[in-house]
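# Analysis of the macromolecular model
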Amino acid sequence: MLEIIIPTIWTCLAVYSMWYFTSAKQYAPLTPQEAKILWKIHQKRSGCKSKKMRKIKHKDTLIGFQCSCGYRYIKKQPIVLKYPKIQPEN
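### Some thoughts on the overall build of the protein chain
Across its full length, the protein chain carries two helices and five strands. In the protein chain, the order of α-helices and β-strands from amino to carboxyl end is α-β-α-β-β-β-β. Here the protein chain holds 90 residues, and the buried ones make up 18% of them. Here the analysis covers contacts within the protein chain between residues at least 6 apart in sequence; of these, 52% occur between residues at least 24 apart.

### Observations regarding the side chain of Gln43
Relative to the helices and strands, Gln43 is located in helix H2 (residues 32-46). A relative accessible area of 15% places Gln43 in the buried class. A polar atom in the side chain of Gln43 sits 2.6 Å from the backbone oxygen of Ser50. Excluding its chain neighbours within four sequence positions, the residues that come into contact with Gln43 are Cys48 and Ser50.

### Considering the sheet that holds strand S3 (residues 61-67)
Working definition: the strands of a sheet are paired by backbone hydrogen bonds and lie parallel or antiparallel to each other. With antiparallel pairing, the three strands of this open sheet are ordered in space as S2-S3-S4. Because the sheet does not close on itself, it has two edges, and the strands there are strand S2 (53-58) and strand S4 (72-74). This sheet shows a mean twist of 25° between the axes of neighbouring strands, independent of strand direction. Looking at chain direction, S3 and S4 are connected through three bridges and run antiparallel. What sits directly across from Phe65, in S4, is Tyr73. Seen against the sheet, H2 touches S2, S3 and S4 and runs at an angle of roughly 20° to S3.

### Focus on H2
The end-to-end C-alpha distance of H2 is 21 Å, a good match for the 21 Å that 15 residues give at a rise of 1.5 Å each. Those residues of H2 that are buried lie in contact with S2 and S3.

Thresholds, definitions, all that
- Residues numbered from 1 in each chain as written.
- Predicted model: local features only at pLDDT ≥ 70, side-chain atom pairs only at ≥ 80, totals over all residues.
- Heavy atoms only, no water.
- Helix = DSSP H or I, 4+ residues; strand = E, 2+ residues; numbered from the N terminus.
- Buried < 20%, exposed > 50% of the residue type's maximum accessible area, 1.4 Å probe, protein only.
- Contact = heavy atoms within 4.5 Å.
- Polar contact = N/O pair within 3.5 Å; in protein donor to acceptor, adjacent residues only side chain to side chain.
- Pairing = 2+ DSSP bridges.
- Axes fitted to C-alpha atoms, helices over the stretch in contact; angles between N-to-C directions.
- Expected span 1.5 Å × (residues − 1).

Set out below in structure tokens:
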């Protein structure tokens, strides 16, 4: 019986770990210019006439915005990246 249970537990642990590292996401920083551009794109695509955008911050870092019509955008990226992060130039 133990010959079946132990490999099954290890297989489940491996599958869960693979799922976690491929689907888990973390917040990614967003520049104010990117947020403004994304908000303008939202307005054009949806025909939104809102004049205000509220910035969403996490630990004093801009991660997204919320339009006064209710649309919300938060930038996230996988915990494990295939490519290294590119730092924006100032």
